[in-house]
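Here is what each chain is made of, one letter per residue.
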Amino acid sequence: MGTTAREEMQRFWERNSRSKRPLSPHVSIYKWSLPMAMSITHRGTGVALSLGVSLFSLAALLLPEHFPHYLAQVRALSLGPALLCSAKFALALPLSYHTWNGIRHLV
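Everything numeric here is computed off the predicted structure, so don't read it as measured data. (Residues numbered from 1 in each chain as written. Predicted model: local features only at pLDDT ≥ 70, side-chain atom pairs only at ≥ 80, totals over all residues. Heavy atoms only, no water.)

What follows is about the packing of helix α2 (residues 34-62) against helix α4 (residues 81-106). Interhelical geometry of α2 versus α4 gives an angle of 130° and a closest axis separation of 9 Å. For the element pair α2 / α4, the angle class is oblique. By crossing handedness, the relation of α2 to α4 is classed as left-handed. Side by side, α2 and α4 meet where Met38, Thr41, His42, Thr45, Gly46 and Leu49 of the first sit next to Pro94, Leu95, Tyr97, His98, Asn101, Gly102 and Arg104 of the second. For the contact of α2 with α4, the residue count by class is 5 nonpolar, 7 polar and 1 charged. (Axes fitted to C-alpha atoms, helices over the stretch in contact; angles between N-to-C directions. Helix = DSSP H or I, 4+ residues; strand = E, 2+ residues; numbered from the N terminus. Parallel < 35°, antiparallel > 145°, perpendicular 65-115°, else oblique. Left-handed = near helix turned anticlockwise from the far one by under 90°. Contact = heavy atoms within 4.5 Å. Nonpolar A, V, L, I, M, F, W, Y, C, P; charged D, E, K, R; others polar.)

Our focus in this paragraph is the UniProt feature "binding site: heme" (unreviewed entry) in the chain. With numbering aligned to this structure, UniProt lists the feature "binding site: heme" (unreviewed entry) at His98. Tracing the sequence through the fold places His98 in helix α4. Ignoring any residue separated from it by four or fewer positions in sequence, one finds His98 in contact with His42, Thr45, Gly46 and Leu49. A distance of 3.1 Å separates a polar atom in the side chain of His98 from a polar atom in the side chain of Thr45. (UniProt positions renumbered as here; feature names shortened; annotations may be inferred. Polar contact = N/O pair within 3.5 Å; in protein donor to acceptor, adjacent residues only side chain to side chain.)

Bringing the packing of aromatic side chains into the picture now. Under the defined criterion, the tally for this structure stands at 2 aromatic pairs. Each ring, one from Phe12 and one from Trp13, has its centre 5.2 Å from the other, and the planes form 75°; the classification is edge-to-face. Measuring from ring centre to ring centre gives 6.1 Å for Phe56 and Phe67, while their planes differ by 70°; the resulting arrangement is edge-to-face. Remark: Phe67 occurs in helix α3 (residues 67-76) and Phe56 occurs in helix α2; sequence separation between them is 11 residues. Judged by relative accessible area, Phe56 falls into the exposed class, the value being 53%. (Phe/Tyr/Trp six-rings, centres within 6.5 Å; stacked < 30°, edge-to-face > 60°. Buried < 20%, exposed > 50% of the residue type's maximum accessible area, 1.4 Å probe, protein only.)

We now examine the layout of surface pockets. The space that makes up the largest pocket amounts to roughly 580 Å³. Elements with a contribution of two residues or more to the lining of the largest pocket: α2, α3 and α4. No other element matches the 5 residues that α2 contributes to the lining of the largest pocket. By residue class, the composition of the lining of the largest pocket is 12 nonpolar, 2 polar and 2 charged. (1 Å grid on protein atoms, 1.4 Å probe; cavity = no way out; pocket = protein on both sides within 12 Å on 5 of 7 lines; lining within 4 Å. Points joined across faces, edges and corners; volume = space filled by probe spheres on them.)

Structure, rendered in structure tokens:
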């Protein structure tokens, strides 16, 4: 008579417990490298950009006023040039990184 799936699973885990091996793949066995970090950052910027575009388009559809109205409200806040440059940099950096890293990947 054959063994049940539960018995096979129990035997498998007992064998792995006795060998003291980590579960694979396990983050602690990998040595961090530049390509690994760039890949993770590329994925992160891709997710952030897609969420940003999705939220912006959803706001454009649902908000009652047109874009020039909201742009005038932002201008009325009289934000300093340092804050505006920082905001522009925060928007441009993920876009340019993701674009150039994607081109590097394709090449």
